[in-house]
Amino acid sequence: MVSEFRVGVISSTHGIRGEVKAFPTTDDPARFRELTQVTLVTKRERRTLEIEKVRFFKQFVIVKFKGIDDINDMERYKGAELWIDREQAVPLEEGEYFIADLIGLSVMTDEGKKLGTLREVIRTGANDVYEVLMEDGKTVLLPVIDECVLDVDLEKGEVLVHVMDGLLDL
């Protein structure tokens, strides 16, 4: 299982007092209000920063870190990622999973055959859709509905599905 989750990417500095504008990569940007710290990750550096203040502007989160009070201290972090530990993640309800934990799972049919590997989870609003890379190199899109996705077993590393009529027709 994944031990860390990316929650944002710094797009630019904001103002002259060390604030940054971050694009949230979490499905609930308001969760930034609950965070006390994040790990800033670049290709060369990894450092834990304590969050002092959070506010929102359009689709961005404006973050002020404790002890960083100058634009010059944050200028080099454009493009840096913001990560949190699994322990800081929002608690999940029964039947909910972190997307990072689903990617790479084997997708098995209720007929006992391996369909492929879960490659992507597409958020559509109505229901999620699993993109599965099949054994023959083609992809199939499976709606995440009770009639199609029967079980997710993270310990076994498998998703059990019922392939509904027409899903494999090309």
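Described in the following lines is the structure provided in the data block. Quick caveat, the model's predicted, so the values are computed rather than measured.

The next point concerns the overall build of the protein. For the protein, the count of helices and strands is two helices and 12 strands. Ordered by position in the sequence, the α and β elements of the protein form the string β-β-β-β-β-α-β-α-β-β-β-β-β-β. Against the globule reference of 15 Å for 170 residues, the protein gives a C-alpha radius of gyration of 20 Å, more extended than a compact globule. Across its three principal directions, the C-alpha atoms of the protein cover 60 × 30 × 30 Å. Split into buried and exposed, the 170 residues of the protein put 37% on the buried side. Sequence-distant contacts, at least 24 apart, represent 49% of the contacts inside the protein between residues at least 6 apart. Of the roughly 10,500 Å² of accessible surface on the protein, 47% is carried by carbon and sulfur atoms. Distance between charge centres in the protein, computed from 23 positive and 34 negative side chains, equals 11 Å.

Within the structure shown, the criterion is met by two aromatic pairs. Relative to Phe 98, the ring of Phe 5 has its centre 4.4 Å away and its plane inclined at 35 degrees; by these criteria the two rings are tilted. Of the two residues, Phe 5 is situated in strand β1 (residues 4-14) and Phe 98 in the loop between β6 (81-85) and α2 (99-102); the sequence distance between them amounts to 93 residues. Note on accessibility: Phe 5 and Phe 98 belong to one class, buried.

Turning our attention to the sheet that holds strand β2 (residues 19-24). Consider a sheet: its strands pair through backbone hydrogen bonds, and that pairing is either parallel or antiparallel. One closed barrel holds the six strands; their spatial order is β1-β2-β5-β4-β3-β6, and the pairing between them is antiparallel. If you compare each strand with its neighbour and ignore which way they point, the axes differ by 45 degrees on average. Both β1 and β2 contribute to a ladder of six bridges, which runs antiparallel. Note on β2: the bridge partner recorded for Thr 13 is Val 20.

Attention now moves to the side chain of Lys 64. Here Lys 64 lies in strand β5 (residues 60-65). Leaving out residues up to four positions away in the same chain, Lys 64 has contacts with Arg 17, Glu 19, Glu 50, Ile 51, Glu 52, Lys 53 and Asp 69.

With that out of the way, let us pick up the sheet that holds strand β8 (residues 114-122). Across the sheet, which stays open at both edges, the six strands sit in the order β10-β9-β8-β7-β12-β11 with mixed pairing between neighbours. Looking at which strands have only one partner, the edges of the open sheet turn out to be β10 (139-143) and β11 (149-153). Averaged over neighbouring strand pairs, the angle between their axes works out to 35 degrees when direction is ignored. Looking at chain direction, strand β7 (residues 106-109) and strand β12 (residues 158-161) are connected through four bridges and run parallel. The residue of β12 that forms the bridge with Val 107 is Val 159.

Negative phi characterises most residues that are not glycine, and trans characterises most peptide bonds. Its identity as a non-glycine residue notwithstanding, Lys 58 has a phi of 55 degrees, on the positive side. With respect to the element layout, Lys 58 can be found in the loop between β4 (46-57) and β5. Given the relative accessible area of 71%, Lys 58 is considered exposed.

Here the focus is the environment of Leu 92. Its location among the elements puts Leu 92 in the loop between β6 and α2. Overall, the relative accessible area of 38% leaves Leu 92 in the partly exposed class. For Leu 92, the contacting residues outside a window of four places in its chain are Tyr 97 and Phe 98.

Let us look at the environment of Asp 110. As for its position among the elements, Asp 110 is in the loop between β7 and β8. The exposure class of Asp 110 is partly exposed, given its relative accessible area of 38%. For the pair Asp 110 and Asp 70, spaced 40 residues apart in sequence, the C-alpha separation works out to 58 Å. Discounting residues that sit within four places of it in the chain, Asp 110 has contacts with Leu 150, Leu 160, Val 161 and His 162. Reaching out from Asp 110, the side chain makes a polar contact with the side chain of His 162 at a distance of 2.8 Å.

Thresholds, definitions, all that
- Residues numbered from 1 in each chain as written.
- Predicted model: local features only at pLDDT ≥ 70, side-chain atom pairs only at ≥ 80, totals over all residues.
- Heavy atoms only, no water.
- Helix = DSSP H or I, 4+ residues; strand = E, 2+ residues; numbered from the N terminus.
- Rg over C-alpha atoms; globule rule 2.2 N^0.38 Å.
- Buried < 20%, exposed > 50% of the residue type's maximum accessible area, 1.4 Å probe, protein only.
- Contact = heavy atoms within 4.5 Å.
- Areas by Shrake-Rupley, 256 points an atom, 1.4 Å probe, with all protein chains shown as cover.
- Lys, Arg positive; Asp, Glu negative; His and termini not counted.
- Charge placed at Lys NZ, Arg CZ, Asp CG, Glu CD.
- Phe/Tyr/Trp six-rings, centres within 6.5 Å; stacked < 30°, edge-to-face > 60°.
- Pairing = 2+ DSSP bridges.
- Axes fitted to C-alpha atoms, helices over the stretch in contact; angles between N-to-C directions.
- Polar contact = N/O pair within 3.5 Å; in protein donor to acceptor, adjacent residues only side chain to side chain.

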